[in-house]
Every structure is written in C-alpha cells, then in structure tokens.
Amino acid sequence: MKQFYRYLFFSVTFLSISCDNATPPYIIPKIWFISFSKLEFMQGDINQDSVWLEIGFEDGDGDIGFGANNPSQDIFLYDRRTGKLQDSYKLPDLPNSDGKPVSGTIKLRVFNTCCIFPQGIPPCSSPPQFPNDSINYELYLVDRSANQSEKIQTPFLSILCK
C-alpha cells in the first residue's frame, strides 16, 4: 500500500522525445536539481509535512521507467546526515521512445524526517537549545539497462524541531 501512495505523489511534468535518428550521445541518465517547493518543514516521523523536490532528467536512449508490472524502483533518495536511504520512487509508465533521447522534469514528494541532535538527545524530541536542524539529500536515477546517473546533492532545507 505504501508503494501505491509513493506512486500517486510522483509526477512527470514534461517528457520530450527527440525525432533525431542519430546515435544517442549518452546512454547514462543525467539528472540535476531544479527546486524545492519550500525551504523548511516540521520534523516528524509519520509523514506530517512534506516538500516537493523537482529535478530535471535526460536519457540518451530513452530507457527510463521500469513500467507498472515491474516492482523495481527508479529514483533513490538518501539523507546525507546519516547516509541512509530515506525513500525510493517508481516512475509511472512512460511512452515508448523507440530508443530516442528523452528529457523532462520530475517532481517527488519528500516527507519530513526527525531532527538529529548531539549529546545523545533522542531524535524527534523538541529540546529548546536546538530549535532547528538542516538536511540535504543525495539522489540518483537508474534506467532499465541498470545505468545509474551521477549522484547529485540538493541544497539544505531547514527542519523545525518543535
């Protein structure tokens, strides 16, 4: 059921397929950061707040998206504070590009996480001496040929530890 909701909150906002019959100049997908919908969110461990993360992508042979019948995930998002996987996303079914390059933008809904504190203070608590934390993410995309894009890092977001 959780996968269903991740799928619902994912959108491909633009997809272009080139009509050029030349050999693709690259087959490894490329991604880049575009924007966050806001610069802060409240801490929490049960999806109480979220931010939209927009990235751009290009793939020279158009083989991104595993399709609805394949359980494989396409995009992997890591919390850089811990180095741990925070979430993964599945692209919706995309039109067949017949091996031609594709490009566009992707919006991912990233749910909040807990503040992390020094001195052994438990995560997701609200100590008055630490009203804020910050987080940035590392992410990458994998295509059907198992080509992995370069990992990119986002700018920092502020987490309100209230």
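Just so you know, these numbers come straight off a predicted model, no measurement behind them.

A.B. asks: Go over the nonpolar core with me, naming the residues and quoting the values.
C.D. replies: Counting residues in hydrophobic clusters, the biggest one holds 27 residues, and the most contacted among them are L53, I55, I75, I106, Y137 and L139. Discounting chain neighbours no more than four positions away, the residues touching L53 are F33, S35, F36, L77, I106, K107, L108, V110, L139 and T154.

A.B. asks: An account of the state of the cysteines is requested, with residue identities and associated values reported.
C.D. replies: Applying the stated criterion across every chain, the model contains two disulfides. Between the sulfur atoms of C114 and its disulfide mate C124 the distance is 1.7 Å. For the disulfide bridge between C114 and C124, the dihedral angle about the S-S bond is near -85 degrees, and by the sign convention the bridge is left-handed. Placement of the pair is C114 in the loop between strand 7 (102-111) and strand 8 (132-135) and C124 in the loop between strand 7 and strand 8, with a sequence separation of 10 residues. The class of C124 is partly exposed, set by a relative accessible area of 26%.

A.B. asks: Could you give an account of the environment of R109, with specific residues and numbers?
C.D. replies: When you line up the elements, R109 lands in strand 7. When the C-alpha atoms of R109 and F36 are compared, they prove to be 9.8 Å apart, with 73 residues separating the residues in sequence. At a separation of 2.9 Å, a polar atom in the side chain of R109 contacts the side chain of S50.

A.B. asks: Go over the sheet that holds strand 3 (residues 40-42) with me, naming the residues and quoting the values.
C.D. replies: Pairing in this open sheet of three strands is mixed, and the strands run 3-11-8 from one edge to the other. The sheet terminates laterally at strand 3 and strand 8, the two strands that pair on one side only. On average, each strand axis in the sheet is inclined to that of its neighbour by 30 degrees, with strand direction left out of account. Relative to strand 11 (residues 157-160), strand 8 runs antiparallel, the two sharing four bridges.

A.B. asks: Which residues make up the environment of P29, and what values do they have?
C.D. replies: Inspection of the secondary structure puts P29 in the loop between strand 1 (11-17) and strand 2 (30-36). Of the residues examined, P29 reaches a relative accessible area of 3% and is grouped as buried. The residues contacting P29, other than those within four sequence positions of it, are E58, D59, L141, D143, N147, S149 and E150.

A.B. asks: Explain the pairing of strand 7 to me, using residue names and the numbers behind them.
C.D. replies: Most of strand 7 sits inside the fold, with seven of its 10 residues counted as buried. Across 10 bridges, strand 4 (residues 50-59) lies against strand 7 in antiparallel orientation. Paired with L53 across the strands is L108, a residue of strand 7.

A.B. asks: Outline the side chain of D63, listing residues and values.
C.D. replies: Secondary-structure assignment places D63 in the loop between strand 4 and strand 5 (75-79). R144 is the oppositely charged side chain nearest to the buried, salt-bridge-free D63, at an N-O distance of 5.4 Å. Every residue in contact with D63, bar those within four places of it in the chain, is listed here: D143, R144 and S145.

A.B. asks: Any chance you could break down the pattern of salt bridges for me, citing the residues and the numbers?
C.D. replies: Taken as a whole and assessed by the stated rule, the structure comprises four salt bridges. Across the pair R80 and E138 runs a salt bridge whose closest N-O atoms are separated by 3.9 Å. Separated by 58 residues along the polypeptide, R80 in the loop between strand 5 and strand 6 (84-89) and E138 in strand 9 (residues 137-141) bring together distant segments of the chain. Two residues, R81 and D133, come together in a salt bridge whose shortest N-O distance is 2.7 Å. You can see R81 sitting in the loop between strand 5 and strand 6 and its partner D133 sitting in strand 8, a full 52 residues away along the chain. The network of salt bridges with common partners includes D79, R81 and D133.

Conventions used here
Residues numbered from 1 in each chain as written. Predicted model: local features only at pLDDT ≥ 70, side-chain atom pairs only at ≥ 80, totals over all residues. Heavy atoms only, no water. Core = buried A, V, L, I, M, F, W, Y, C linked by side-chain atoms within 4.5 Å. Buried < 20%, exposed > 50% of the residue type's maximum accessible area, 1.4 Å probe, protein only. Contact = heavy atoms within 4.5 Å. Disulfide = S-S within 2.5 Å. Helix = DSSP H or I, 4+ residues; strand = E, 2+ residues; numbered from the N terminus. Polar contact = N/O pair within 3.5 Å; in protein donor to acceptor, adjacent residues only side chain to side chain. Pairing = 2+ DSSP bridges. Axes fitted to C-alpha atoms, helices over the stretch in contact; angles between N-to-C directions. Lys, Arg positive; Asp, Glu negative; His and termini not counted. Salt bridge = Lys/Arg side-chain N within 4 Å of Asp/Glu carboxyl O.

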